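# A structural walkthrough
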Amino acid sequence: MAFNVNALGFGDNVVDRYEHIHTMYPGGNAVNFAVYAKKCGAARSAYMGIFGNDAAAEHVIASLEDEGIELDKCEQMIGENGAARVTVVDGDRVFLGSNEGGIRGDARYVLDRFDLSYMKQFDVVHSGNYCFTERELPKLKAAGVTVSFDFSDDSTDEYYEQIALYVDFAFFSAADAASEDEIRERLAWVKGLGPRFVSATAGAEGCIAYDGERYYRQLAKPVTDMKDTMGAGDSFLTSFLMCYLDSAKRGEDGAEAIERALDFAAGFASTVCGMEGSWGHGAPIVE
């Protein structure tokens, strides 16, 4: 399938170090967005962020180049690349710790006028809670850039209140919510902070989304060859946006387009669960 959408991931890149099999895989919310956009048919897909200069960084860069991702606005600095320690329990990925983004956590990306001119070429720029891009979001809002943002389990209410007003499409996990009513209440609260569309994923239970007028319920689709849930949420939000924004550019942005995009996203996410790591490219861990 092909979508007339230009997509840019802005923020984190890491290696996920699967310690039980001594293998590292490229990943990170913003990187995954760029790769999944490419895989599901985006017209143009790019990543913009900071790499370290160690073996882990070189592996992520080489993997992205192999996937055909545009890296023109990336920076490489002396220091350790972002890395997370991971294991898998019954098919579910379990995080064991991280180096807090490595050099990327210390040297934040600062957008200038030339960066913003580049970013305005894209239909959507995606970032997230672990991207260290929060202070740059007002610049994107002022430039008229459509922003997608992935909140996380440790995003506080205060964090939502500070960030959501700069976001057009907000995503978060509701796997620990007590009930569907609780999820709907949370969706309405986040929507009231500013985003035009909000979606909450709940693992095997699928997702609930809200556009300010109605709620949408999308069930998860079966996984034929489960290997790893790493990247399931990232692949869902990415493929939803590619399908929905493609429809919106044709003037079809109503409830039917949202339902179609949610269904497509559930199918795409199920195929990603059949990949090792977020999108493959495993390599031996280099100490």
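Now for a quick tour of the structure. (Residues numbered from 1 in each chain as written. Predicted model: local features only at pLDDT ≥ 70, side-chain atom pairs only at ≥ 80, totals over all residues. Heavy atoms only, no water.)

## Focus on the nonpolar core
Rule in force here: Residues grouped as a nonpolar core are buried Ala, Val, Leu, Ile, Met, Phe, Trp, Tyr and Cys residues, joined through side-chain atoms within 4.5 Å. Exposure is judged per residue with a 1.4 Å probe applied to protein chains only, and the accessible area is read against the type maximum: over 50% gives exposed, under 20% gives buried, and values in between give partly exposed. Secondary structure follows DSSP: runs of H or I at least 4 residues long count as helices, runs of E at least 2 residues long count as strands, and numbering of each begins at the N terminus.
Grouped together as the largest cluster of nonpolar side chains are 53 residues, with contacts concentrated most on Tyr47, Leu64, Phe240, Leu241 and Met242. Broken down by secondary-structure element, the contributors of at least two residues to this core are strand 1 (3-11), helix 1 (29-39), strand 4 (42-51), helix 2 (55-66), strand 10 (169-173), strand 12 (207-210), helix 8 (232-249) and helix 9 (255-272). The biggest single contributor to this core is helix 9, with 10 residues. Core analysis: the next-biggest nonpolar cluster, separate from the first, contains 34 residues, Leu116, Val145, Tyr160 and Val198 among them.

## Let's talk about the packing of helix 8 against helix 9
As a reminder, the rule being used: Between the N-to-C directions of two axes lies an angle of 0 to 180 degrees, each axis being a line fitted to C-alpha atoms and, for a helix, fitted only over the stretch in contact. A crossing counts as left-handed when the near helix is turned anticlockwise from the far one by less than a right angle, and as right-handed when that turn is clockwise. By definition, residues are in contact when any of their heavy atoms lie within 4.5 Å. For this classification, the nonpolar set comprises Ala, Val, Leu, Ile, Met, Phe, Trp, Tyr, Cys and Pro, the charged set comprises Asp, Glu, Lys and Arg, and every other residue, Gly included, is treated as polar.
Packing of helix 8 against helix 9 brings their axes to within 7 Å, and their N-to-C directions diverge by 145 degrees. Considering only the axes of helix 8 and helix 9, their crossing is right-handed. Contacts between helix 8 and helix 9 involve Ala232, Ser235, Phe236, Ser239, Phe240, Cys243, Tyr244 and Ser247 on the former and, on the latter, Ala257, Ile258, Arg260, Ala261, Leu262, Phe264, Ala265, Ala266, Phe268, Ala269 and Val272. Counted by class, the contact of helix 8 with helix 9 contains 15 nonpolar, 3 polar and 1 charged residues.

## Here we look at the packing of helix 1 against helix 8
The condition that has to hold: These descriptions rest on fixed angle ranges, namely under 35 degrees for roughly parallel, over 145 for roughly antiparallel, 65 to 115 for roughly perpendicular, and the rest for oblique.
Between helix 1 and helix 8, whose axes approach to 9 Å, the crossing angle comes to 50 degrees. By the angle class used here, helix 1 and helix 8 are oblique. Of the two possible hands of crossing, helix 1 and helix 8 adopt the one that is right-handed. Contact with helix 1, carried on its side by Asn29, Asn32, Phe33, Tyr36 and Ala37, involves Asp234, Ser235, Leu237, Thr238, Leu241 and Met242 of helix 8 and no other residues of that element.

That's the geometry; what it means functionally is another story.
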